[in-house]
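So the chains spell out like this:
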Amino acid sequence: MMERLLMLRVQAQGCTVEASVNDIPLGRASAAAGPLCLPVHEYVVEGGNEVALSIEPGPPGVERGAAPRVADGTMAAGLRLLLPRIGRVGTEDQARTVGELSWSVPEGTVFDAPLRVQDRVALPITFPAWRWLQLPVIEDVPAQRGPVAAFLHRIAADMMRGEFQSLLAASRLRLGELALADRPPVAEVAQRLVSQLGGLHAAGRLRLLVPAEDQLLLRPCAHGRLLECLDAGGAAALRPAGTAQQPSFEWPVRLAVANGRCHVFR
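Notes on the structure in this doc start here. The structure presented is a predicted model; accordingly, all values stated were derived computationally and were not measured. (Residues numbered from 1 in each chain as written. Predicted model: local features only at pLDDT ≥ 70, side-chain atom pairs only at ≥ 80, totals over all residues. Heavy atoms only, no water.)

**Brief notes about the overall build of the chain**
Argument step 1. Secondary structure summary: the chain contains 4 helices and 16 strands in total.
Argument step 2. A burial count over the chain gives 46% of its 266 residues as buried.
Argument step 3. In the chain, the share of contacts with a sequence separation of at least 24, taken over all contacts with a separation of at least 6, comes to 71%.
Argument step 4. Surface summary for the chain: the accessible area is close to 13,200 Å², and the carbon and sulfur share equals 51%. (Helix = DSSP H or I, 4+ residues; strand = E, 2+ residues; numbered from the N terminus. Buried < 20%, exposed > 50% of the residue type's maximum accessible area, 1.4 Å probe, protein only. Contact = heavy atoms within 4.5 Å. Areas by Shrake-Rupley, 256 points an atom, 1.4 Å probe, with all protein chains shown as cover.)

**Here's the deal with the sheet that holds strand 15 (residues 254-258)**
Backbone hydrogen bonds are what pair the strands of a sheet, in a parallel or an antiparallel way.
Argument step 1. The sheet built from 4 strands is open, its strands ordered 12-13-15-16 with antiparallel pairing. Only two strands of the sheet have a single partner each, and these edge strands are strand 12 (217-221) and strand 16 (261-264). Across the sheet, the mean angle separating the axes of adjacent strands is 40° when strand polarity is ignored.
Argument step 2. Here 2 bridges tie strand 13 (residues 226-230) to strand 15, and the two strands are oriented antiparallel to one another. Looking at strand 15, one finds that glutamate 228 is bridged to arginine 254.
Argument step 3. On the sheet, helix 1 (residues 145-160) packs against strand 12, strand 13, strand 15 and strand 16 and is oriented at approximately 65° with respect to strand 16. (Pairing = 2+ DSSP bridges. Axes fitted to C-alpha atoms, helices over the stretch in contact; angles between N-to-C directions.)

**With respect to the packing of aromatic side chains**
Argument step 1. Evaluation of the coordinates by the stated rule reveals 1 aromatic pair.
Argument step 2. Plain terms: the ring middles of tryptophan 103 and phenylalanine 111 are 6.0 Å apart, the flat faces sit at 75° to each other, and that makes the pair edge-to-face.
Argument step 3. For tryptophan 103, a relative accessible area of 10% puts it in the buried group.
Argument step 4. Given a relative accessible area of 7%, phenylalanine 111 falls into the buried group.
Argument step 5. In this arrangement the basic side chain of arginine 266 is found over the ring face of tryptophan 130, its NZ or CZ atom lying 5.1 Å from the centre. (Phe/Tyr/Trp six-rings, centres within 6.5 Å; stacked < 30°, edge-to-face > 60°. Lys NZ or Arg CZ within 6 Å of the ring centre and 35° of its normal.)

**Quick look at the pattern of salt bridges**
Argument step 1. Tallied over the entire structure, the rule returns 13 salt bridges.
Argument step 2. The partner of glutamate 188 in a salt bridge is arginine 192, with the nearest N and O atoms 3.3 Å apart. With a gap of 4 residues between them, glutamate 188 and arginine 192 both fall in helix 4 (residues 186-202), about one helical turn apart.
Argument step 3. Taking relative accessible area as the criterion, glutamate 188 reaches 38% and is therefore assigned partly exposed.
Argument step 4. Take arginine 192: its relative accessible area is 47%, and that puts it in the partly exposed class.
Argument step 5. Across the pair arginine 219 and glutamate 228 runs a salt bridge, and its minimum N-O distance is 2.9 Å.
Argument step 6. The exposure class assigned to glutamate 228 is buried, which follows from its relative accessible area of 7%.
Argument step 7. Residues participating in the shared-partner salt-bridge network are Glu18, Arg28, Arg219 and Glu228. (Salt bridge = Lys/Arg side-chain N within 4 Å of Asp/Glu carboxyl O.)

**With respect to the environment of alanine 77**
Argument step 1. You can see alanine 77 is positioned in strand 7 (residues 76-84).
Argument step 2. Overall, alanine 77 belongs to the buried group, its relative accessible area being 8%.
Argument step 3. Separated by 67 residues in sequence, alanine 77 and valine 10 have C-alpha atoms that sit 7.5 Å apart.
Argument step 4. Not counting residues within four places of it along the chain, the set of residues in contact with alanine 77 comprises Gln11, Ala12, Val17, Leu53, Ile55, Leu101, Ser102 and Trp103.

**A look at the layout of surface pockets**
Argument step 1. In this structure, the largest pocket spans a volume of roughly 1,100 Å³.
Argument step 2. Lining the largest pocket are 42 residues, with Tyr43, Arg174, Trp251, Pro252 and Arg254 positioned closest to its centre.
Argument step 3. Of all the secondary structure elements, the ones that give two or more residues to the lining of the largest pocket are strand 3 (24-30), strand 4 (36-39), helix 1, helix 3 (172-182), helix 4 and strand 13.
Argument step 4. For the lining of the largest pocket, the element with the highest residue contribution is helix 4, accounting for 5 residues.
Argument step 5. Here the residues of the lining of the largest pocket are counted per class, giving 26 nonpolar, 5 polar and 11 charged. (1 Å grid on protein atoms, 1.4 Å probe; cavity = no way out; pocket = protein on both sides within 12 Å on 5 of 7 lines; lining within 4 Å. Points joined across faces, edges and corners; volume = space filled by probe spheres on them. Nonpolar A, V, L, I, M, F, W, Y, C, P; charged D, E, K, R; others polar.)

**Looking at the environment of leucine 82**
Argument step 1. Among the structural elements, leucine 82 can be located in strand 7.
Argument step 2. As a C-alpha pair, leucine 82 and glycine 99 span 17 residues in sequence and 7.3 Å in three-dimensional space.

**Examining the sheet that holds strand 7**
Argument step 1. A sheet is described by the order of its strands in space; here 4 strands give the open sequence 4-1-7-8, paired in antiparallel fashion. Each edge of the open sheet is held by one strand with a lone partner, namely strand 4 and strand 8 (95-104). Averaged over all pairs of adjacent strands, the angle between their axes in this sheet comes to 15°, without regard to strand direction.
Argument step 2. Where strand 1 (residues 7-13) meets strand 4, 4 bridges bridge the pair, whose relative direction is antiparallel.

Remember, this is a structural readout, not a statement about activity or role.
See below:
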């Protein structure tokens, strides 16, 4: 059990970057959108961890950009793994940096995008033995599209009716590991989720957008052990429709399929 949450903070200047930890994409940062900051304890392991930045990433599933990029002299990016002091937020001046990765390029340098830079950092922190580390590599990703699409549509239909038990059942392993990391009992973690979803349902904010099977993108991550569920544009496959007054948000879903059943691990 962790005493403090490990935080990831990513900043970018003159470019867009996507950060990943142990081959799990966790989000993007840019000068326009601002820095990315989120807890990452459930994605890291004791000892060596792979951290990476994808510079000027395209849509998920697109391996190469349309043309080489020329650096304009302002491009730079960096990530830090921060261990905040007890009771403090995860900013550099209120936390201990336990791992970092930075990138910059001289003006006029030509590079192919996306450009991936990575490193390994050793974390002096004890973590549970996460179950996703023991999963087999998913060999036939296209074959999982049908079962995953059916699963997402079933979960979405239940949620829009205000019924959350199917989501809790599919997320049982993840909720249990969150309880290990954060220390409250599993039932409390599950109740938090139900309370959050119930509030959104009561406010009319659970009208979900879920891609059709032929528009569902399954991006392998965690070195092929998990599938990240995205729509054709690269957004999370499970997300509410937003309005001008209430912008949309996303629920990332990273799952594995076993015997035709989907299990949410992250």
